[in-house]
Amino acid sequence: EARQAREYLVGGRSRKPLLKVHGCASRPDTVVLTSLQYERLRQDREYLSLLRHVFESHAVLFLGFGLSDPYDLDLALRQARLAGGAEGEKFALLPLEGVSRVRENFPQVQTISYRDHASIASILAVLARELSR
């Protein structure tokens, strides 16, 4: 569905999209990818074009993603950093214990930490309020 997602993003809709790269709960077969499926995605031009477009032109909030997947976004983040091209801002909402590893591996990602999952909703509410200003 990479082509449709990219068309939606490029279309300039007034509402910002929520892009679920790793599948959707309403379609359980899309949530977990095997190594073969990841390898196919890495060869898919439309999918790579989508990732490149998102990372170069949009602010991104990684939510529920630990930035430790060597097959997918980690690879794209590293390539974007090494290419030195224009990038949209990137943020990651992470448990406190994961922050130092992400800061070390991905200095272009600004981290927002939390101590327990109960605080996630209030952090997201603050971010949404700031975004609407």
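These numbers were taken from a predicted model, which means no experiment stands behind them. Residue numbers run consecutively from 1 along every chain, following the written order of its sequence. Local features are withheld for residues below a pLDDT of 70 in this predicted model, meaning they are given only at 70 or higher, and side-chain atom pairs are given and counted only at 80 or more; totals for whole chains, interfaces and linings count all residues. Note that the side-chain values use all heavy atoms of the structure and ignore hydrogens as well as water.

As for the overall build of the protein
Runs of E in the DSSP output that reach at least two residues are strands. Runs of H or I that reach at least four are helices, and both are numbered from the N terminus. Of the regular secondary structure elements, the protein holds six helices and three strands. Secondary structure elements in the protein, listed N-terminal to C-terminal, are α-α-α-β-α-β-α-β-α. Exposed residues in this analysis have more than 50% of their type's maximum accessible area, buried residues have under 20%, and partly exposed residues fall in between, with area computed by a 1.4 Å probe over protein chains only. Taking all 133 residues of the protein together, the buried fraction comes to 29%. When the accessible area of the protein is evaluated, it comes to approximately 9,100 Å², of which 54% is carbon and sulfur surface. Only the protein chains shown count as cover for residues, and the accessible areas themselves come from Shrake-Rupley with a 1.4 Å probe.

Points about the nonpolar core
Buried Ala, Val, Leu, Ile, Met, Phe, Trp, Tyr and Cys residues form a nonpolar core when they are joined through side-chain atoms within 4.5 Å. Counting residues in each nonpolar core, the largest one holds 15 residues, and the members touching the most others are Val-54, Phe-62, Leu-67, Ala-92, Val-102 and Val-109. Residue assignment for this core shows that the elements contributing at least two residues are helix H1 (2–10), helix H3 (45–57), strand E1 (60–63), strand E2 (90–95) and helix H5 (99–105). With three residues, H3 is the single largest residue contributor to this core.

Here's the deal with the pairing of strand E3 (residues 109–114)
Strands qualify as paired when DSSP identifies two bridges or more between them. Two elements, E2 and E3, share six bridges in a ladder whose sense is parallel. Paired with Phe-91 across the bridge in E3 is Gln-110. Handedness of the crossover joining E2 and E3 through H5: right-handed. Place the viewer so that the strands point away; then a crossover is right-handed whenever the path from the first strand over the helix to the second strand goes clockwise.

Considering the pairing of E2
As judged from the four bridges shared by E1 and E2, these two strands associate in the parallel manner. Note on E2: the bridge partner recorded for Val-60 is Lys-90.

Side note on the confidence of the model for the protein
Detailed reading of the predicted coordinates is not advisable wherever pLDDT is low. The pLDDT score gives, residue by residue, the confidence of the prediction method on a 0 to 100 scale. Looking at the protein as a whole, its pLDDT mean stands at 76, while 68% of the residues score no less than 70. Within the protein, the element-level pLDDT minimum falls on helix H4 (residues 73–83), averaging 63, and the maximum on E3, averaging 90.

Notes on the sheet that holds E2
Pairing is parallel across the open sheet formed by three strands, whose spatial order is E1-E2-E3. Two strands bound the open sheet, and with one partner strand each, they are E1 and E3. Each strand of the sheet is rotated relative to its neighbour by a mean of 25°, with strand direction disregarded. Strand contacts of helix H6 (residues 120–132): E1, E2 and E3, with the helix running at about 135° to E3, the strand carrying the most contacts. All axes here are fitted lines through C-alpha atoms, helices being fitted over the stretch that makes contact, and every angle between N-to-C directions spans 0 to 180 degrees. Only heavy atoms enter the contact rule, under which two residues are in contact if any of them lie within 4.5 Å.

Focus: the side chain of Thr-111
Among the secondary structure elements, Thr-111 is positioned in strand E3. With a relative accessible area of 16%, Thr-111 lands in the buried category. A distance of 2.9 Å separates the side chain of Thr-111 from the side chain of Arg-103, its partner in a polar contact. Ignoring sequence-local partners within four residues, the contact set of Thr-111 consists of Ala-92, Leu-94, Val-99, Val-102 and Arg-103. Counting of polar contacts relies on pairs of N or O atoms within 3.5 Å, with two restrictions inside protein: one atom must be capable of donating a hydrogen and the other of accepting it, and residues adjacent in sequence are counted only when both atoms are side-chain atoms.

As for the environment of Arg-45
Residue placement: Arg-45 occurs in helix H3. C-alpha of Arg-45 to C-alpha of Arg-3: the two residues are 42 residues apart in sequence and 9.5 Å apart in space.

Here's the deal with the environment of Glu-46
In this fold, Glu-46 is placed in helix H3. Residue classification places Glu-46 among the partly exposed residues on the basis of a relative accessible area of 40%. For the pair Glu-46 and Ala-5, spaced 41 residues apart in sequence, the C-alpha separation works out to 9.7 Å.

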